[in-house]
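Letter by letter, the chains look like this.
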Amino acid sequence: MTLPDNIINWENVFRNSDTFQNNKPFNFGFIEEFLTQDVYDELYKTYPTLNDKKWISVTSDFGRSAKRRWFGDADPRSEQASVMQEDTNLSASWNDFFKYIHSEEFIENMSKYTGTKLKGFKHFSFMVNEKGSFNMPHTHHPTEKKEDYVYNITLLIYFAKGWKKGDPGGTYLASEEDESSIIFEPYNLDNTCVIFGETPHSYHGSRYMTQDAKRQSIQFTLL
């Protein structure tokens, strides 16, 4: 399936723009119905299964049990991470979507939403959290100067139907390096998007998942 031109609900996105730009202690927003419904349904249907050999398990000082898949031959340790490419193991719809988020239109609209002049696309990955997954609160740029940031905006789009309000697993935002300082946690992971600006204080993580569920998402960054 080839995706239509109206991939993102830009009306919903721009409606949230003032909230994003005025939220404290760092800019963040939460958008429901981020993708148009037909696009979301198609991407959900063709989201890569965990049988795909390209998935890797993620274990670090910050988290456990998450699984990650890069797009195509992207190596997150190199500049190839920002290259427009195709992934022949994925559906045409996912390739169309990947192409779109590299487009001038997407970058211009995200610049309008954030109130920041963005230059382009940086990283992309599929991420799945399951029972036992968690991420401790952390920030990506604790000591760097703003001009040295590799990217300035992080987006997470969720593809998890039937999520129960209050269930752990969605990426929360916090004011400090402690779960007691959570200022926002997504309550709906079905076609929703969390966006936050990168600062030394942009703490985020996910609570330990106790339920037998699968949190499908994508995460990508803009500079």
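Before any of the text, the structure's been laid out above.
Each chain carries its own residue numbering, running from 1 in the written order of its sequence. Where totals are concerned, whole chains, interfaces and linings use all residues; where local detail is concerned, this predicted model gives features only for residues with pLDDT of at least 70, and gives and counts side-chain atom pairs only at 80 or more. The basis for the side-chain values is all heavy atoms of the structure; hydrogens and waters are excluded.

Trainee: Can you walk me through the sheet that holds strand S7 (residues 153-159) in this structure?
Mentor: Remark on secondary structure: sheet strands pair via backbone hydrogen bonds, oriented parallel or antiparallel. Strand order in this open sheet of 7 strands is S1-S10-S7-S12-S5-S4-S2, and the pairing throughout is antiparallel. The open sheet is flanked by strand S1 (28-32) and strand S2 (56-58), the only strands paired with a single partner. Neighbour to neighbour, the strand axes of the sheet diverge by 25° on average, direction disregarded. Bridge analysis of strand S4 (residues 66-70) against strand S5 (residues 121-130) gives 4 bridges, and the strand direction is antiparallel. Residue pairing in the sheet places Arg68 in a bridge with Met127 of S5. Across the sheet, helix H3 (residues 37-45) lies against S7, strand S10 (190-197) and strand S12 (214-222), angled at about 75° from S7, the strand it touches most. Across the sheet, helix H4 (residues 92-100) is in contact with S5, S7 and S12; its angle to S5 comes to roughly 135°. By the convention used here, strands pair only if DSSP detects at least 2 bridges between them. Strands here are runs of E lasting at least two residues and helices are runs of H or I lasting at least four, both read from the DSSP assignment and numbered beginning at the N terminus. Think of each axis as a best-fit line through the C-alpha atoms, taken over the contacting stretch in the case of a helix, with angles from 0 to 180 degrees between the N-to-C directions. The contact criterion used is simple: two residues touch if any of their non-hydrogen atoms lie within 4.5 Å.

Trainee: What is the right way to read unusual backbone geometry from this model?
Mentor: Of all residues except glycine, most have a negative phi; of all peptide bonds, most are trans. Across the junction of Lys24 and Pro25, the peptide omega takes the value 5°, indicating a cis bond. Tracing the chain through its elements places Pro25 in the loop between helix H2 (17-22) and S1. Positive phi is not limited to glycine here, since Glu33 has a value of about 50°.

Trainee: Sorry, what's going on with the pattern of salt bridges here?
Mentor: Pairing is possible between side chains of opposite charge, provided their charged atoms come close. One side-chain nitrogen of Lys or Arg within 4 Å of one carboxyl oxygen of Asp or Glu is enough to make a salt bridge. What the rule picks out here adds up to 7 salt bridges. Its salt-bridge partner being Glu11, residue Arg15 comes within 3.1 Å of it at the nearest N-O pair. Linking Arg15 with Glu11, this pair stays in helix H1 (residues 10-15), spanning 4 residues, or about one helical turn. Note on exposure labels: buried denotes an accessible area under 20% of the residue type's maximum, exposed denotes more than 50%, and partly exposed covers the range between, all computed with a 1.4 Å probe on protein chains only. Judged by its relative accessible area of 55%, Arg15 falls in the exposed class. We classify Glu11 as exposed; its relative accessible area is 62%.

Trainee: Mind showing me how you'd approach the environment of Arg69 here?
Mentor: Within the secondary structure, Arg69 is located in strand S4. Residue classification places Arg69 among the buried residues on the basis of a relative accessible area of 0%. Put simply, Arg69 and Pro48 are 21 residues apart on the chain and 8.8 Å apart in space, counted from C-alpha to C-alpha. Filtering out sequence-adjacent residues up to four positions away, Arg69 remains in contact with Pro48, Asp52, Lys54, Trp55, Asp87, Asn89, Leu90, Ser125 and Phe126. Polar contacts here mean pairs of N or O atoms no more than 3.5 Å apart (in protein, one a potential hydrogen donor and the other a potential acceptor; neighbouring residues in sequence count only if both atoms are side-chain atoms). A distance of 2.9 Å separates the side chain of Arg69 from the side chain of Asp52, its partner in a polar contact.

Trainee: Help me understand the environment of His141 in this model?
Mentor: By the secondary structure assignment, His141 is in the loop between strand S6 (134-138) and S7. Linking His141 and Trp163, residues 22 residues apart in sequence, is a C-alpha distance of 30 Å. The residues contacting His141, other than those within four sequence positions of it, are Tyr149, Val150, Tyr151, Glu198, Thr199 and Pro200. Here Glu144 takes part through its side chain, which lies 3.1 Å from a polar atom of the side chain of His141.

Trainee: Quick question: what am I supposed to make of the pairing of strand S11 (residues 203-206) here?
Mentor: Side-chain positions along a regular strand alternate between the two faces of the sheet. What you see with S11 is no split at all: Tyr203 and Gly205 on one side and His204 and Ser206 on the other are buried throughout. As paired elements, S6 and S11 share 2 bridges and run antiparallel to each other. Its bridge partner lying in S11, Asn135 is registered against Ser206. Summarising the sheet, strand S8 (residues 172-174) and S11 pair through 3 bridges and their orientation is antiparallel. Following the sheet pairing, Ala174 is matched in S11 by Tyr203.

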